[in-house]
Amino acid sequence: MLICCVKTGDKYGDEYVTRLQSGISRNIPRDEGHTFNCFTEKPVAGVLCEPLPADLPGWWAKICLFALQEPLIYFDLDVVITGDLSRLLAWNGFGIIDDWWQPCFNSSVMKLTGNEDSVWKSFAPYPHDAMRSCPRGDQQFISRHLPHARKFPPEYFPSYK
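To keep things clear, this report deals only with the structure shown in the data block. (Residues numbered from 1 in each chain as written. Predicted model: local features only at pLDDT ≥ 70, side-chain atom pairs only at ≥ 80, totals over all residues. Heavy atoms only, no water.)

1. A closer look at the overall build of the protein
How we decide: Secondary structure is summarised from DSSP: a helix means a run of H or I of at least four residues, a strand means a run of E of at least two, and numbering begins at the N terminus for each. Two things to know: the radius of gyration comes from C-alpha atoms, and the globule rule equals 2.2 Å times the number of residues to the power 0.38. The buried label goes to any residue with under 20% of its type's maximum accessible area, the exposed label to any with over 50%, and the partly exposed label to all in between, with areas taken from a 1.4 Å probe on protein chains only. Pairs of residues are marked as contacts when any of their non-hydrogen atoms sit within 4.5 Å. Accessible surface area values rest on a Shrake-Rupley calculation with a 1.4 Å probe, where residue burial reflects the displayed protein chains alone. We score Asp and Glu as negative and Lys and Arg as positive, and we do not count His or the chain ends. In plain terms, the charge of a residue is placed at NZ if it is Lys, CZ if Arg, CG if Asp and CD if Glu.
In terms of helices and strands, the protein carries five helices and six strands. In terms of overall dimensions, the protein is globule-like: its C-alpha atoms have a radius of gyration of 15 Å, near the 15 Å expected for 161 residues. With respect to the principal axes defined by its C-alpha atoms, the protein has extents near 45 × 35 × 30 Å. Across the 161 residues in the protein, those meeting the buried criterion constitute 46%. Of the contacts made within the protein by residues no fewer than 6 positions apart, 70% connect residues no fewer than 24 positions apart. Summed over all atoms, the accessible surface of the protein reaches about 8,600 Å², with 52% contributed by carbon and sulfur. Seen as two clouds, the 16 positive and the 19 negative side-chain charges of the protein have centres 4 Å apart.

2. A word on the packing of aromatic side chains
Heads up, the rule is: Side-chain rings of Phe, Tyr and Trp, where Trp is taken by its six-membered ring, are said to pair if the distance between their centres is within 6.5 Å; with planes under 30 degrees apart they count as stacked, over 60 as edge-to-face, and otherwise as tilted. Put simply, a charge is over a ring when the Lys NZ or the Arg CZ is close to the ring centre, within 6 Å, and near the line of the ring normal, within 35 degrees.
Under the counting rule described, the total for this entry stands at 11 aromatic pairs. A ring pair is formed by tryptophan 60 and phenylalanine 141, whose centres lie 6.4 Å apart and whose planes are at 70°; its orientation type is edge-to-face. Taken together, the positions of tryptophan 60 in the loop between strand E3 (49–50) and strand E4 (72–75) and phenylalanine 141 in helix H5 (residues 138–145) put the pair 81 residues apart, joining distant regions of the chain. Of the residues examined, tryptophan 60 reaches a relative accessible area of 7% and is grouped as buried. Take phenylalanine 141: its relative accessible area is 4%, and that puts it in the buried class. Ring pairing ties together the aromatic residues Trp60, Trp120, Phe123 and Phe141, which thus form one cluster. For the cation-ring pair, arginine 19 lies above tyrosine 16, with the distance from its terminal atom to the ring centre recorded as 5.9 Å. Directly above the ring of tryptophan 91 sits arginine 150, whose terminal nitrogen or CZ lies 4.0 Å from the centroid.

3. Describing the pattern of salt bridges
Counted only if it meets this: When a carboxyl oxygen of Asp or Glu is within 4 Å of a side-chain nitrogen of Lys or Arg, the pair counts as a salt bridge.
Applying the stated criterion to the full structure yields six salt bridges. Salt-bridge contacts for aspartate 10 lead to lysine 42; the nearest nitrogen and oxygen are separated by 2.5 Å. With a gap of 32 residues between them, aspartate 10 in the loop between strand E1 (2–7) and helix H1 (14–27) and lysine 42 in the loop between strand E2 (35–40) and E3 connect regions that are remote in the sequence. Its salt-bridge partner being lysine 62, residue aspartate 138 comes within 3.5 Å of it at the nearest N-O pair. Taken together, the positions of aspartate 138 in helix H5 and lysine 62 in the loop between E3 and E4 put the pair 76 residues apart, joining distant regions of the chain. Note on aspartate 138: relative accessible area 2%, which makes it buried.

Limitation: the analysis is restricted to geometry and does not speak to function.
Structure below.
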């Protein structure tokens, strides 16, 4: 299973990537094979890094994950892993967090099957139009294109804000 994050720009330092990688390693079952990958324009020491298929600003870079067409689990860099990831690994199908504050999804944690490429295909031809039409960002865009997506139970990923 590919487990990944996206790091663009300088908002988050390399330490966010290495902390996330460490948290995943501590909380993933020992018998579960996985690869941790950071999609970024700047390599992070000690972490497998690759570029994304397109250069998009900030949170919009997450939309590129849909172009990969492969199963993966995604975490935002500011997510703190505090417990066993077995339920997430066992989750069947696409999954995403329900946004606690907005009428759309929260893309801080997603599980992709690789079959959600319609999101990328809708975005890629006219990315600037998509960005303008979704002022709340990638989360609003994903919500529009996968409106009936299954949401993780709130106890999987509680908000501590």
